[in-house]
Amino acid sequence: MERLPATLELTAAALLLSISVALPLGVIAALRKNSGWDRGAMAFAMLGVSVPSFWMGPVLILVFAVWLGWLPVSGRDGISSLLLPALTLGLGMAAILARMVRSALLDTLNEDYIRTARAKGLPMRTVVWRHALRNALLPVITLLGLQLGALLAAR
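Residues numbered from 1 in each chain as written. Predicted model: local features only at pLDDT ≥ 70, side-chain atom pairs only at ≥ 80, totals over all residues. Heavy atoms only, no water.

1. What to know about the packing of helix H1 (residues 4-31) against helix H2 (residues 36-50)
Taken N-terminus to C-terminus, the directions of H1 and H2 make an angle of 140 degrees; their axes are 8 Å apart at the nearest point. The orientation of H1 relative to H2 falls into the category oblique. At the point where H1 passes H2, the crossing takes the left-handed sense. The residues of H2 that touch H1, namely those facing Val21, Leu25, Ile28 and Ala29, are Trp37, Asp38, Ala41, Met42 and Phe44. A breakdown of the residues in the contact of H1 with H2 according to their chemical character gives eight nonpolar, no polar and one charged. (Axes fitted to C-alpha atoms, helices over the stretch in contact; angles between N-to-C directions. Helix = DSSP H or I, 4+ residues; strand = E, 2+ residues; numbered from the N terminus. Parallel < 35°, antiparallel > 145°, perpendicular 65-115°, else oblique. Left-handed = near helix turned anticlockwise from the far one by under 90°. Contact = heavy atoms within 4.5 Å. Nonpolar A, V, L, I, M, F, W, Y, C, P; charged D, E, K, R; others polar.)

2. Let's talk about the confidence of the model for the protein
Averaged over every residue, the pLDDT of the protein is 90; the share at 70 or more is 99%. Mean pLDDT values over the elements of the protein span from 90, in helix H6 (residues 124-154), up to 93, in H2. (pLDDT = per-residue confidence, 0-100.)

3. Some thoughts on the packing of aromatic side chains
Counting across every chain of the model gives one aromatic pair. Relative to Trp70, the ring of Phe64 has its centre 6.0 Å away and its plane inclined at 35 degrees; by these criteria the two rings are tilted. The class of Phe64 is partly exposed, set by a relative accessible area of 24%. (Phe/Tyr/Trp six-rings, centres within 6.5 Å; stacked < 30°, edge-to-face > 60°. Buried < 20%, exposed > 50% of the residue type's maximum accessible area, 1.4 Å probe, protein only.)

If you want it as structure tokens, here you go:
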């Protein structure tokens, strides 16, 4: 019970970072399919999925704490000591989520109701944010729940 506040704090920070990186990245990749943005976002996603967290953590510590001296190596002093662990956990999750957002949004953008909304003259921003993304987020939220459970159980 004494470790629960730290676990919840780290879980919330990792999820917040993951969502704030994955959602815009996945949406941009889906809207600009087969462009440089799409290839860059999916390269980030592939790198994030491929690099294990037990390797990324020490590399981030080495770069940002030891070489640059910007962040503390360990401890629980504030937001600066939360940043490296949240990055380590959140970037891997963001890669998986970005791929899921892109895939779900691409499927949703090919639906008939999206074509109808565009044919009615709605701006693309409205079509994407009010119609397509709402329906595309259902599998993403499911994946977020699974990731939340994994974060709480493993840490």
